[in-house]
There are 2 protein chains.
Amino acid sequence: MTTAYGTIDQTFLNQLHTLTDKDRVSTSKALCEQHGTDESYHKAQAPDVVVFTLSTKEVSDVVKLCAKHKIPVIPYGTGTSLEGHIAALHGGVCIDLSQMDKIVEARPQDMDVTVEAGVTRKALNEYLRDTGLFFPIDPGADASLGGMASTRASGTNAVRYGTMRENVLALTVVTPNGDIVKTASRAKKSAAGYDLTRLYVGAEGTLGIITEVTLRLYGIPETISAAVCPFPGLEEAVNTVISIIQCGIPVARMELLDDRQMYAVNQYSKLDYEVAPTLFFEFHGSPSSVEEQIEMVKSLAEDFGGKNFQWASQLEDRDRLWNARHNAYYAALALRPGCKGVSSDACVPISRLAEAIMATKQDIEDSFLDGTIVGHVGDGNFHTLFAFMPDDEKELAEAKRLNARIVERAIAMDGTCTGEHGIGHGKMKYLESEFGEAGLEIMRSLKKALDPDNIMNPGKIVAL
Amino acid sequence: MTTAYGTIDQTFLNQLHTLTDKDRVSTSKALCEQHGTDESYHKAQAPDVVVFTLSTKEVSDVVKLCAKHKIPVIPYGTGTSLEGHIAALHGGVCIDLSQMDKIVEARPQDMDVTVEAGVTRKALNEYLRDTGLFFPIDPGADASLGGMASTRASGTNAVRYGTMRENVLALTVVTPNGDIVKTASRAKKSAAGYDLTRLYVGAEGTLGIITEVTLRLYGIPETISAAVCPFPGLEEAVNTVISIIQCGIPVARMELLDDRQMYAVNQYSKLDYEVAPTLFFEFHGSPSSVEEQIEMVKSLAEDFGGKNFQWASQLEDRDRLWNARHNAYYAALALRPGCKGVSSDACVPISRLAEAIMATKQDIEDSFLDGTIVGHVGDGNFHTLFAFMPDDEKELAEAKRLNARIVERAIAMDGTCTGEHGIGHGKMKYLESEFGEAGLEIMRSLKKALDPDNIMNPGKIVAL
């Protein structure tokens, strides 16, 4: 299917101006280019217009206009995605939701909150601070919650608290014809019909635009304790993780950084951790349960040669530790000023994790390109960042080759090509090897049924 | 859309015989009637043929034949659903998956298992016994895991372990044209494309037939302790539950039975519990964590007048306790020999639970019909069983009226018409009030896109 898209001319722009304040519609080249640029290596592609919407109703009005003229619509949160999700491959209108940043309603008694799509994860937790509750999902970037829902994001807490898949209770979505749909009630569970919430979580704006998100919240644990522990080798660190998961110890965070990544983190965050494969831990619970978890983890780590636990129980020490971890991507890029990164995102069953990571390490050693490994290893998910110089096609080709190897290995292990970054247009070629032609055909059917004119973020997830 | 279905004639039956052993195809009246009858009050409706399949391939072959002739296909597990899910409203072929009862592969190292759709929850846990792992989801009936996935079932453990939505890792599905699709890898999380797994979980066989299920497993807790505690009134019991949830105490099970239900349970299971509103608890964890949970729960219960905890720490005492709870539905029916039951299934945000239950209790008191309340109250989910005599239309009308009031109240509280029983054809009329016309239209689009000839369990969830 090739869609003939409409043209964005002055008539269209005039109509757009009637729907919002004039100063919230822009065709400025710089602004459009910025809105077509994410944090990845994929080629930027600017939309023709950017509209800053202030309400679900405005999003609906803009989408209706675009639907009428068959103009592509690309939703934009913070622009921190990594697979070309926001590239305007066919031009069109970028709907920037960052000014939809209101907390609609927090309901501490139900441990849930409804936010506009533009609220970021840090802003939400800032807002919640006095309620004793928090929202755990934390991708590296301070992404918008609408964007996080759209890419089915996760992060360091997912091993204990799940991903956006488990933590979105309901969504408000503007469909491709401009209808406004609430995907679910606030009931904790429901068996009422097709799971519309999970249909849009991870759909990357290709089936509609998420404008509001209702999220589960959690009580801030009575006790939080964090630690860093170096290991003699990568395999020992990974095997410690596997043992911890298989023992069912409910660690809240368990992150792996290889020696090269630790070097980068030290440089970037001005720290002096030992340059060795290292696990970052966090434990949540009552004082006695945290103590119990720590004892068990220490004992398992020691079995694999991990001895020098460095503790951070004070809030500011923990913040420093996790900020260093969250900046790992930027730290690795900073090793080569001016470089860009290709980040892999494989996720495999935990029993295959050591094999997957060791083979990846070997790939890096065999390559002329530098690579760092960092991972949400409790979930079987790890990233390898290959830093390449943007003008060096040989380096980019090598980074892509290595990424492809990692993906193929993950799929062969009954894992996935992406644990949390999503498909965008960067990983579309891997969907068929992961799901087979029949699976891909179902995805195409869903897209065609819900967006027959292919105007919603076209060219992402599935090609029509 | 009205679909003109094909006719099941001798030619069709002959073709069916070529696909399976002859003795696994039956048109016997008694067998067909049994396969159109569930455990609810809804009118039974028999299929024309029942086929007992032995493999995914056979299911695919039968579906392909039915697709060719536009014959309705109704999947059947154990026939224990409650909203007319298996009624052959347009006749057709019932595919009975109960003989697909093999454990395909258990992988203790990954804490997951793949089973054929006909394996029941009890059979799975029996199989797992020596591995130290268990599967927690437990609807009242010993349902098949394919059926449980199809209705997005849950049960008493959901408050701690989630529902089928959270615990299905992947499915094998036969689509309406007979294709065989794997919906996901075994990775614990994935951001790869549309969430096909969650599309089929809860789709009640209307989009395809689930033939294999890959499930998350959990370590059998080191310590398990169960208790029963009576309360002076229903409101005090519910408020205890709300406090426990809001304190974030990770109870594994927390079930409410009202006084009338306790009377029924005593009669049916030959027990001598106090006839009062009662909470059933179970605690999972390490010895110290279980002790900690118990102390906190006891203290909260005492605040609301719940004092006489009766403990069951031995396996056989616990089994007796939970068998009594699982038989609550049958116990309530047994109060009136020959009766049938209309079971409500409302689920509301926890802060509204006391209000919802007290209003329901008032409805029962104001009615000439008897009703019992039982609930997975930690999730905000509760059932009210109205027992009526099958030949008494006035009683049935009253049961339906009461059920409708409960549903409407739940929806007005931003809750759902069904926490775990599903829609079938019994609750279709409530879907629009819950999702609005725009939401329902998306569900219809999904159904039309994936099953354009409307052959898969037609007349359930959405009408075309």
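Keep in mind the model is a prediction, meaning the values are calculated, not measured. All residue numbers refer to positions counted from 1 along the written sequence of the respective chain. For naming, the first written chain is A and the first written ligand is 1, with later ones following in the order written. Where totals are concerned, whole chains, interfaces and linings use all residues; where local detail is concerned, this predicted model gives features only for residues with pLDDT of at least 70, and gives and counts side-chain atom pairs only at 80 or more. Values reported for side chains reflect all heavy atoms of the structure, with hydrogen atoms and water molecules removed beforehand.

1. A few points about the overall build of chain A
What counts, and what does not: The helix count covers DSSP runs of H or I at least four residues long, the strand count covers runs of E at least two residues long, and both are numbered beginning at the N terminus. The reference for a compact globule is 2.2 Å times residues^0.38; the radius of gyration itself is calculated from the C-alpha atoms. Only protein chains enter the accessibility calculation, which uses a 1.4 Å probe. A residue is then buried if its area is under 20% of the maximum for its type, exposed if over 50%, and partly exposed in between. Here, residues are in contact when the closest pair of their heavy atoms is within 4.5 Å. Here the open area of atoms and residues is found with the Shrake-Rupley method and a 1.4 Å probe, where only the protein chains shown may cover a residue. Charged residues are defined here as Lys and Arg on the positive side and Asp and Glu on the negative side; His and the ends of the chain fall outside this count. Lys charges are placed at NZ, Arg charges at CZ, Asp charges at CG and Glu charges at CD.
A tally of helices and strands in chain A yields 16 helices and 19 strands. The C-alpha radius of gyration of chain A comes to 22 Å, within 12% of the 23 Å expected for a compact globule of 464 residues. Principal-axis analysis of the C-alpha atoms gives chain A an extent of 70 × 55 × 45 Å. For chain A, buried positions account for 64% of its 464 residues. Long-range contacts, defined as pairs at least 24 residues apart, comprise 72% of the intrachain contacts of chain A with a sequence gap of at least 6. Element-wise, carbon and sulfur atoms account for 49% of the exposed surface of chain A, whose accessible area totals about 16,200 Å². Charge separation in chain A, taken as the distance between the mean sites of 45 positive and 63 negative side-chain charges, equals 4 Å.

2. Some points on the domain arrangement of chain A
Residue and element names in this part refer to chain A. Definition in use: Domain ranges listed in this record stem from an automatic or a database domain assignment. Buried area, as used here, totals the accessible surface that two parts lose on assembly, with accessibility defined by a 1.4 Å probe and the loss added over both. The term salt bridge refers to a pairing of a side-chain nitrogen on Lys or Arg with a carboxyl oxygen on Asp or Glu at a separation within 4 Å. Polar contacts, as counted here, are pairs of nitrogen or oxygen atoms within 3.5 Å of one another; within protein the pair requires one atom able to donate a hydrogen and one able to accept it, and residues that are adjacent in sequence qualify only if both atoms are side-chain atoms. Nonpolar residues are Ala, Val, Leu, Ile, Met, Phe, Trp, Tyr, Cys and Pro. Charged residues are Asp, Glu, Lys and Arg, and all others, Gly as well, are polar.
Each assigned domain of chain A is listed with its residue range as follows: domain 1 (10-98), domain 2 (103-219), domain 3 (223-327) and domain 4 (330-412). Each of domain 1 and domain 4 has a C-alpha centre, and the two are 32 Å apart. Facing the four residues of domain 1 at the interface are eight residues of domain 4. Summed over both sides, the interface of domain 1 with domain 4 buries roughly 500 Å², with 53% coming from carbon and sulfur. By the criterion of area lost to domain 4, the three top residues of domain 1 are Glu39, Ser40 and Tyr41, representing 81% of everything that side buries. Where domain 1 meets domain 4, there are zero salt bridges. There are two residue pairs in polar contact (both at pLDDT 80 or more) connecting domain 1 and domain 4. When the residues that make up the side of domain 1 that touches domain 4 are grouped by side-chain class, the tally is one nonpolar, one polar and two charged.

3. Focus on the sheet that holds strand 1 (residues 25-26) of chain B
All names here are of chain B. Here is the rule: Strand pairing is assigned whenever DSSP identifies at least 2 bridges connecting the two strands. For helices, the axis comes from a line fit to the C-alpha atoms of the stretch in contact; other axes are also lines fit to C-alpha atoms, and the angle between any two N-to-C directions lies between 0 and 180 degrees.
Pairing is mixed across the open sheet formed by four strands, whose spatial order is 1-2-4-3. Sheet topology places strand 1 and strand 3 (73-76) at the edges, where each strand pairs with a single neighbour. Relative to strand 2 (residues 49-52), strand 1 runs antiparallel, the two being bridged by two bridges. Note on strand 2: the bridge partner recorded for Val25 is Val51. Sheet strands touched by helix 1 (residues 10-19): strand 1, strand 2 and strand 4 (93-96). Its angle to strand 2, the strand with the most contacts, is close to 5°. Packing of helix 3 (residues 56-69) onto the sheet brings it into contact with strand 2, strand 3 and strand 4, and relative to strand 4 it is tilted by some 175°.

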